[in-house]
Amino acid sequence: MNSGPPPIAAQLQQLHQTYCRLTGQNLSLRFDRERLWFEFLRAGFTSAELVQVVRYLQKEIRQARRNVGALKLSNLLQLDRFEDDLNISRVRLTAPPPAKTPAALLPPTCSPTEQERGRQRALEQLRQLKETLR
């Protein structure tokens, strides 16, 4: 027998339980909340996206960039705001890796023996400078 998608009531219950588990809340699933979850599904959002946005908001709240009220169910399920938060949570806000300097791309211009001689000469000059400063 082919099992189709779970009935809408089961999907609403699952979303609500996921939200309660993620936020540590114990909210009853009344008609008004069922309607919010129904609209959430009708807009095409998924449980995975719910998890992503809640985790993003929790991180922002911990870093004091968002108010804890952002996780209120009535605020979270304002679909325009949810979509905004979902898109922001997908954006990588890290700086691009620094470009390599031309010097780092060029091979050394002298042999390892010449490099070692240069190091030794620099060390000797440092020793002499220390002596003159004493």
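Model, not experiment: these values are computed from the prediction. (Residues numbered from 1 in each chain as written. Predicted model: local features only at pLDDT ≥ 70, side-chain atom pairs only at ≥ 80, totals over all residues. Heavy atoms only, no water.)

## Side note on the side chain of Thr-18
Part 1: Inspection of the secondary structure puts Thr-18 in helix H1 (residues 8–23).
Part 2: A residue is classified by how much of its surface remains accessible, and Thr-18, at 7% relative accessible area, is buried.
Part 3: Among the polar contacts listed, one links the side chain of Thr-18 to the backbone oxygen of Gln-14, at a separation of 2.9 Å.
Part 4: Once residues lying within four places of it in the same chain are set aside, the contact partners of Thr-18 are Ser-47, Leu-50 and Val-51. (Helix = DSSP H or I, 4+ residues; strand = E, 2+ residues; numbered from the N terminus. Buried < 20%, exposed > 50% of the residue type's maximum accessible area, 1.4 Å probe, protein only. Polar contact = N/O pair within 3.5 Å; in protein donor to acceptor, adjacent residues only side chain to side chain. Contact = heavy atoms within 4.5 Å.)

## Let's talk about the pattern of salt bridges
Part 1: Scanning the model with the defined rule gives 7 salt bridges in all.
Part 2: Between Glu-39 and Arg-42 there is a salt bridge whose closest N-O contact spans 3.3 Å. Note that Glu-39 and Arg-42 are positioned in helix H2 (residues 31–42) at a spacing of 3 residues, about one turn of the helix.
Part 3: Taking the shortest distance from any N to any O, the salt bridge between Glu-49 and Arg-90 comes out at 2.9 Å. Of this pair, Glu-49 sits in helix H3 (residues 47–62) while Arg-90 is found in helix H5 (residues 79–90), placing the two residues 41 residues apart along the sequence.
Part 4: In this structure Arg-90 comes out as partly exposed when scored by relative accessible area, which is 47%. (Salt bridge = Lys/Arg side-chain N within 4 Å of Asp/Glu carboxyl O.)

## Considering the packing of H1 against H3
Part 1: Between H1 and H3, the least distance of the axes is 10 Å, while the angle of their chain directions is 20°. Our classification of the angle between H1 and H3 gives roughly parallel. In this structure, H1 crosses over H3, and the sense of that crossing is right-handed. Contact with H1, carried on its side by Gln-14, Leu-15, Thr-18, Tyr-19, Leu-22 and Thr-23, involves Ser-47, Leu-50, Val-51, Val-54, Arg-55 and Gln-58 of H3 and no other residues of that element. (Axes fitted to C-alpha atoms, helices over the stretch in contact; angles between N-to-C directions. Parallel < 35°, antiparallel > 145°, perpendicular 65-115°, else oblique. Left-handed = near helix turned anticlockwise from the far one by under 90°.)

## What about the nonpolar core?
Part 1: With 21 residues, the main nonpolar core has Tyr-19, Trp-37, Phe-40, Leu-50, Leu-57, Leu-76 and Phe-82 as its most contacted residues.
Part 2: Contributions of two or more residues to this core are made by H1, H2, H3, helix H4 (73–76) and H5.
Part 3: Residue contributions to this core peak at 6 residues, all from H3.
Part 4: Filtering out sequence-adjacent residues up to four positions away, Tyr-19 remains in contact with Gln-25, Leu-27, Trp-37, Leu-50, Leu-71, Lys-72, Leu-73 and Leu-76. (Core = buried A, V, L, I, M, F, W, Y, C linked by side-chain atoms within 4.5 Å.)

## A short note on unusual backbone geometry
Part 1: One non-glycine residue, Ala-64, lies in positive phi territory at about 60°.
Part 2: When you line up the elements, Ala-64 lands in the loop between H3 and H4.
Part 3: Since its relative accessible area comes to 68%, Ala-64 is described here as exposed.

These figures come from the coordinates and say nothing about function on their own.
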